[in-house]
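Survey of secondary and tertiary structure
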Amino acid sequence: DGGHRVGIGRVAAGGDLLRIGEAVAVGVGEGGIGSVHVHLVAVGESVPGHRIGEVLDGVVLPERPQAVGGQDDTGQDWLAERACQYGDGVFETLAVIDGQPCLWSRHLQRLELGCVRLGLPLPDRDELRARVERACTNRDRATVRLIWTAGRSTRGYRRVSAARPTCAVQCFGGLPAPTGTWRLGLCEHRLSENPRLAGIKHLNRLDQVLARAEWNDEYDEGLMCGLDGRVVCGTMSNLFFERDGQL
C-alpha cells in the first residue's frame, strides 16, 4: 500500500520464495481450506500516529521459515513481537459472505473494548475496514481473522513508552459446513476468571488449548465450565439455549 513494500515471504508448500507484489495460489490438502490467494506483506505508516509494524493482507501460510537466533529469513525479528512473547493483543474472527465481513460494527466494538482494557492504541476504523474488505475481495464465503497487537519490545513485560501496534489480516477460504448433530464432551480444564479480560478476545488462548488437548476425534467440540462449575462455552464456539422456541 502506498509504496511501502519490503521483505520476502515463503511458499510453504514448495519452499520457493514469494516476492512482494507477486501472487500465488496454494492448494491445501483434503479437509484443509482449499485454494488460497496470498497477495501482500507490507510495512508502512498506515494508521495516523501509529506505525503498523507488519500487515498481512491475504492468508498466512501454514508454515513459517525456520527461526535462527530469533530471526527468520525475512529479516523480521518476530520473537520480539509481544503477541508471540505474551499474547499481548486482541483479535476477531469474522464470517465473510458475498465479499462482505458480517456484523462488522459489533466485531469492531469488541476489538476496541479489548484495546481499552489492555491499554492499546485504537486502530483507525476506516483503515481497518479497508484492509479487511481488501482481504475479502472476490470471496463468496470465507473466514477472516483480524489481529491487533502491542507491537514489539525488548526483553521484559514492560511495553515501550509509545506502542506501535502490529496489525495482521488473515483470510481463509470457505466457511465450515453444517454437519448435523455435534458429539460433545465435557472438558476437565476450567476457564480462568479475570473480570478485566472477560468479554474480549485477547490473544492468550491457553485455556482453550489445554481443553482441546483432552480429546482427539471422539468429539466434535468440548464444553468448558467456569471455576464454579457453570457451563460457559465451547472451546471454539458460543453456547445458546433454546426453550419453547425462544433463544
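Computed from a prediction, not measured in an experiment: that's the story for all the values here.

**With respect to the sheet that holds strand E13 (residues 231-234)**
If you trace the three strands from one edge of the open sheet to the other, you get E11-E12-E13, paired in mixed fashion. Two strands in the sheet have a free side with no partner beyond their single neighbour: strand E11 (184-190) and E13. Strand-to-strand twist in this sheet, taken as the mean axis angle between neighbours without regard to direction, amounts to 35 degrees. Taken together, the three bridges between strand E12 (residues 221-225) and E13 define a ladder with antiparallel strand orientation.

**A few points about the packing of helix H2 (residues 104-118) against helix H3 (residues 125-136)**
Here H2 crosses H3 at 125 degrees, and the two axes come no closer than 12 Å. With respect to their mutual orientation, H2 and H3 come out oblique. Seen along the crossing, H2 lies across H3 with a hand that is right-handed. Counting all contacts with H2, which are made through Trp104, Leu108, Leu111 and Glu112, the residues of H3 involved are Arg125, Leu128, Arg129 and Val132. By residue class, the composition of the contact of H2 with H3 is five nonpolar, no polar and three charged.

**Considerations on the side chain of His107**
In this fold, His107 is placed in helix H2. When near neighbours in sequence (up to four residues on either side) are disregarded, His107 contacts Glu92, Thr93, Leu94 and Cys102.

**Focus: the pattern of salt bridges**
Across all of its chains, the model carries eight salt bridges by this definition. The residue Asp88 makes a salt bridge to Arg159 at a minimum N-O spacing of 2.7 Å. Of this pair, Asp88 sits in the loop between helix H1 (82-86) and strand E7 (89-97) while Arg159 sits in the loop between strand E9 (141-149) and strand E10 (166-173), placing them 71 residues apart in sequence. Residue Asp88 is classed as buried on the basis of its relative accessible area of 10%. For Arg110, the salt bridge is made with Glu92, and the minimal N-O distance between the two is 2.8 Å. With Arg110 in helix H2 and Glu92 in strand E7, this pair connects stretches of sequence that are 18 residues apart. Using a relative accessible area of 31% as the deciding quantity, one classes Arg110 as partly exposed. Through salt bridges with shared partners, a single network forms among Arg82, Asp88 and Arg159.

**Focus on the side chain of Glu92**
Its relative accessible area of 1% is what places Glu92 among the buried residues. Polar side-chain contacts of Glu92 include one of 2.8 Å to the side chain of Arg110. With sequence-adjacent residues up to four places away left out, Glu92 is seen in contact with His107, Arg110, Leu111, Val144, Arg145, Leu146 and Lys201.

The rules behind each value
- Residues numbered from 1 in each chain as written.
- Predicted model: local features only at pLDDT ≥ 70, side-chain atom pairs only at ≥ 80, totals over all residues.
- Heavy atoms only, no water.
- Pairing = 2+ DSSP bridges.
- Helix = DSSP H or I, 4+ residues; strand = E, 2+ residues; numbered from the N terminus.
- Axes fitted to C-alpha atoms, helices over the stretch in contact; angles between N-to-C directions.
- Parallel < 35°, antiparallel > 145°, perpendicular 65-115°, else oblique.
- Left-handed = near helix turned anticlockwise from the far one by under 90°.
- Contact = heavy atoms within 4.5 Å.
- Nonpolar A, V, L, I, M, F, W, Y, C, P; charged D, E, K, R; others polar.
- Salt bridge = Lys/Arg side-chain N within 4 Å of Asp/Glu carboxyl O.
- Buried < 20%, exposed > 50% of the residue type's maximum accessible area, 1.4 Å probe, protein only.
- Polar contact = N/O pair within 3.5 Å; in protein donor to acceptor, adjacent residues only side chain to side chain.

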